[in-house]
Amino acid sequence: MEAIEALLTRRTVPQVKMTGPGPDAAQLETILAAGMAAPDHGKLRPWRFLVIRGAAREQLGELFAASVRARPDHHPEELEKQHKAPLRAPLLLVVIGCLRPDHPKIPEIEQIASAAAAAQNMLVAAHALGFAGKWSTGKNAYDPVIREGLGVQKEEQIMGFLYLGSYGAEQVPSPRPERSAVVADWPPPDRER
C-alpha cells in the first residue's frame, strides 16, 4: 500500500470486529520501527512500547479486572468486559510516554506529541501491512493498578493501548470532516493587506 493511501484510508476498527492472525515477527518489527521513526525534537526518545501477545493477553485481562475490583462502585458486567478486552485482538502494543517535564529545552507537550506520533505511525504501518487497529485509552490508561502492573514509572504516561489484528468483517470507511470545517487560510482574506 502506498503511504498516502495508508494515511487516507486508516480507520479505527473496534476490537470486536478483529480476528487473527496478528502481525508476524517481521511485520511487528516493521510496525515498531515505524513507531521509532516518530518526530523527536532533541532525540529524547520520549516513548517506549510493551508488546503483549499470546498468554500475556490473559495476564493483561487479569490486570484490567483487578483495577475494576479496586473501584468501590464496580459492576460485574464491567469486570467481565475488562477481563476479556485484551483477548479481542491477537496483539496489543502499549505506548508509554517517557516524559521529562523539567527538560531545559524540550517542553513536555513536545514530548507528548512525539509519543502520540509514535502511536499513530504504528497504526498507519499496521494498516499499510493489511491489519486492523484501534487506539484505546479510557480509564485503563490512567488507572494506578494498571500503571503499577505494567511497570509505568511516576514520570511516564500510558499514551494508549494499540489493539492490532486482522479484519473480521468488511469495514465502512470512516467519515472525515469537511475541509472548510477544519482548514482556514491565514490571515483571513478580509484582513489581507
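Residue positions are given per chain, counted from 1 along the sequence in the order it is written. Local features in a predicted model are, by the rule used here, given only for residues with pLDDT of at least 70; side-chain atom pairs are given and counted only at 80 or more, and totals for whole chains, interfaces and linings are based on all residues. Values shown for side chains rest on all heavy atoms present in the structure; no hydrogens or waters enter the calculation.

Caption draft 1: Representation of unusual backbone geometry within the structure. Cis geometry marks the peptide bond from Gly 20 to Pro 21; its omega dihedral reads 0 degrees. Elements are defined by DSSP. Helices are runs of H or I of four residues or more, strands are runs of E of two residues or more, and each kind is numbered from the N terminus. Topologically, Pro 21 is positioned in the loop between β1 (18-19) and α2 (25-36). A cis amide bond links Trp 186 to the next residue, Pro 187, at an omega of -5 degrees. With respect to the element layout, Pro 187 can be found in the segment after α7 (179-182). A positive phi is found at Lys 43, a non-glycine position, where the angle reads about 50 degrees. As for its placement among the helices and strands, Lys 43 is situated in the loop between α2 and β2 (47-53).

Caption draft 2: Local environment of the pairing of strand β5 (residues 156-167). Buried residues are those whose accessible area, probed at 1.4 Å on protein chains only, stays under 20% of the maximum for their type, while exposed residues exceed 50% and partly exposed ones sit between those limits. Among the 12 residues of β5, 10 are classified as buried, and the element is accordingly described as predominantly covered. Bridge count for β1 against β5 is two bridges, and the pairing is antiparallel. In the strand pairing of β5, Met 18 is matched with Tyr 167. Strands qualify as paired when DSSP identifies two bridges or more between them. Two elements, strand β3 (residues 91-98) and β5, share eight bridges in a ladder whose sense is antiparallel. Along β5, the bridge assignment pairs Cys 98 with Glu 156.

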